[in-house]
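Examining the three-dimensional arrangement
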Amino acid sequence: MAGLDQHEGKQDIERKIQETRERFKNEYLQDSADKYDSRDVDRLQKDDVMVERYLMWRLSVVDDALKMIDESLQWRQEFSLNDLTESSIPKWMFETGAVYLHGYDKEGNKLFWFKVKLHIKDAKTIMDKKKYVAFWLERYAKKEPGMPLTVVFDMTESGLSNIDMDFVKYIINCFKVYYPKFLSKMIIVDMPWIMNAAWKIVKTWLGPEAISKLKFVSRSEIQTFIDPEYLPSHMGGTDPFKYSYPPLPDDDFQTPICENGPIVSEDETESKEGDSESKETLESSFNSDVAVKPKKVNFLEDSLRSEDSDKGEAANRIKGARKPLTTFKGPLLHVSPAEELSFGSKETEKKCLIILNNVTKNQVAFKVRTTAPEKYRVKPSSSCCEAAASVEIVVSLHGGYQASLQDRFLVMAAEMENVGSQELAQFWKEVPKNKVMEHRLHCHVLESREPTTSPLKDSPLEGGANGNQDVNMAVSSNGREALLH
């Protein structure tokens, strides 16, 4: 019966998605197409997930979803969001460090920081500030589609002069209207008592569906939601991050130190073998399928050698790896899985498989980066894939490390039109950024199926660890059900 109800529910959503599209075309698009960017309209007609998010946020009421879509698309047109770039924003705004993305909360959601004390109300700059916030939101939405954000208002040392109610209302609308189901939670840290009246007004703007997402905490309470590793020192954290511009702070993806984890002696040895070698060059030397010497790599010969290599060894390498069931269809590579790698605490749950399928007529160079290079072995971490061929990449937990919801992986790929002998690192240095395909994967922590108590393991510490893992899993599951733009 549960399966039947689920099937009927899916059919109902599909009907409402189609109804929403048809009514938008007939009721909103007629004689007013110039109100919207044609690219947004085209996406609305093709992207089921986009329409579904509006419907979910409006409790599947089509009339309400249509009003929301209309307002959202008009805003995108007004702010030229599809063409908004870093150069569109005044440089001084980036230099202030008042708004930026950095770190993750305990549920694995990216943190969107607002340093309130750095904001001064100014009618002359309010539009630029609004575009500045829109830039960050759109940038993240494109990089991490479907992943929510946690907004942190750091009100340390702030006062009434830092509160701009028009700006705050705009931020609320960004999550309430323009980016449906994009907000995980909004944390207000150390709010001065003098601002209580202002935030009572803010609560009325949020609406009932978002009120529960508002969290008022002190510096000592913030660790309920965010671990110390992603908190600044004035909040009792240990994060050494210091904002500076340029460049823009990104997701801190790094190249895996080596396929066998952070072995300092090996790293030092390889560094001595090529004093002139850059950090990027080291990426190619850590590829398990390409010899460290010589530094020149002939991709065609390398791929042929891979085909003729010991098949038994290859089979052993992927043995026990969790096989992906979903696929992201990119312009250069189809990446499986589409969204997440699942790891658990058991030995049989510490290895996952990423499969890359080349859908172009040329070779495609690829590399895999991670936010936690000390935890994972990635084999191969950098190589190339022949036209119409596939590559299997094994990602496994190193040593006694455990996967975390905050861990991320970045698959980068670029088409190689002129195949020949060249340095892999040199290719990545020269390839234009707009030619590089990027796809991000996050980690899902599997729930332990073992009993929480055992006659052989009755340590309170062990019980606590299992309890935390169960809590994290519950949060992870709820987070995935509410994945948003």
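The structure we're discussing is the one just above.
Below you will find a few notes about this structure. (Residues numbered from 1 in each chain as written. Predicted model: local features only at pLDDT ≥ 70, side-chain atom pairs only at ≥ 80, totals over all residues. Heavy atoms only, no water.)

Moving on to the environment of Gly400. For Gly400, the position within the fold is in the loop between strand S14 (390-397) and strand S15 (408-416). Look at Gly400 and you get exposed, because its relative accessible area is 70%. Each C-alpha atom, one on Gly400 and one on Ser345, is 9.4 Å from the other, the two residues being 55 residues apart in sequence. (Helix = DSSP H or I, 4+ residues; strand = E, 2+ residues; numbered from the N terminus. Buried < 20%, exposed > 50% of the residue type's maximum accessible area, 1.4 Å probe, protein only.)

A few words on the pairing of S14. Most of S14 sits out of view: 6 of its 8 residues are buried. Relative to S14, strand S12 (residues 376-379) runs antiparallel, the two sharing 4 bridges. Counterpart to Lys379 in the pairing with S14 is Val394. (Pairing = 2+ DSSP bridges.)

Applying the stated criterion to the full structure yields 23 salt bridges. The shortest N-O distance in the salt bridge between Arg76 and Glu138 comes to 2.9 Å. Here Glu138 lies in helix H6 (residues 126-143) and Arg76 lies in helix H4 (residues 62-78), a separation of 62 residues in the sequence. Judged by its relative accessible area of 5%, Arg76 is buried. A residue is classified by how much of its surface remains accessible, and Glu138, at 7% relative accessible area, is buried. (Salt bridge = Lys/Arg side-chain N within 4 Å of Asp/Glu carboxyl O.)

This next bit is on the packing of H6 against helix H7 (residues 165-178). At a minimum axis separation of 11 Å, H6 and H7 run at an interaxial angle of 25°. Relative to H7, the element H6 lies roughly parallel. By crossing handedness, the relation of H6 to H7 is classed as right-handed. Residues Ile126, Lys129, Lys130, Val133, Ala134 and Leu137 of H6 form the contact with H7, whose own contacting residues are Asp166, Phe167, Tyr170, Cys174 and Phe175. Considered class by class, the residues forming the contact of H6 with H7 number 8 nonpolar, no polar and 3 charged. (Axes fitted to C-alpha atoms, helices over the stretch in contact; angles between N-to-C directions. Parallel < 35°, antiparallel > 145°, perpendicular 65-115°, else oblique. Left-handed = near helix turned anticlockwise from the far one by under 90°. Contact = heavy atoms within 4.5 Å. Nonpolar A, V, L, I, M, F, W, Y, C, P; charged D, E, K, R; others polar.)

With that settled, consider the sheet that holds strand S10 (residues 351-358). Strands sit in the order S7-S8-S10-S14-S12 across an open sheet of 5 strands; the sheet is antiparallel. Each edge of the open sheet carries a strand with a single partner, namely strand S7 (328-329) and S12.

Paired through their backbone hydrogen bonds, the strands of a sheet run either parallel or antiparallel. With mixed pairing, the 5 strands of this open sheet are ordered in space as S9-S17-S15-S11-S13. Here the strands that pair on one side only, and so sit at the sheet edges, are strand S9 (340-343) and strand S13 (382-385). Across the sheet, the axes of successive neighbouring strands diverge by a mean angle of 25°, strand direction being ignored. By the bridge criterion, 4 bridges tie S9 to strand S17 (residues 436-445) in an arrangement that is parallel. Bridged to Phe343 within S17 is Val445.

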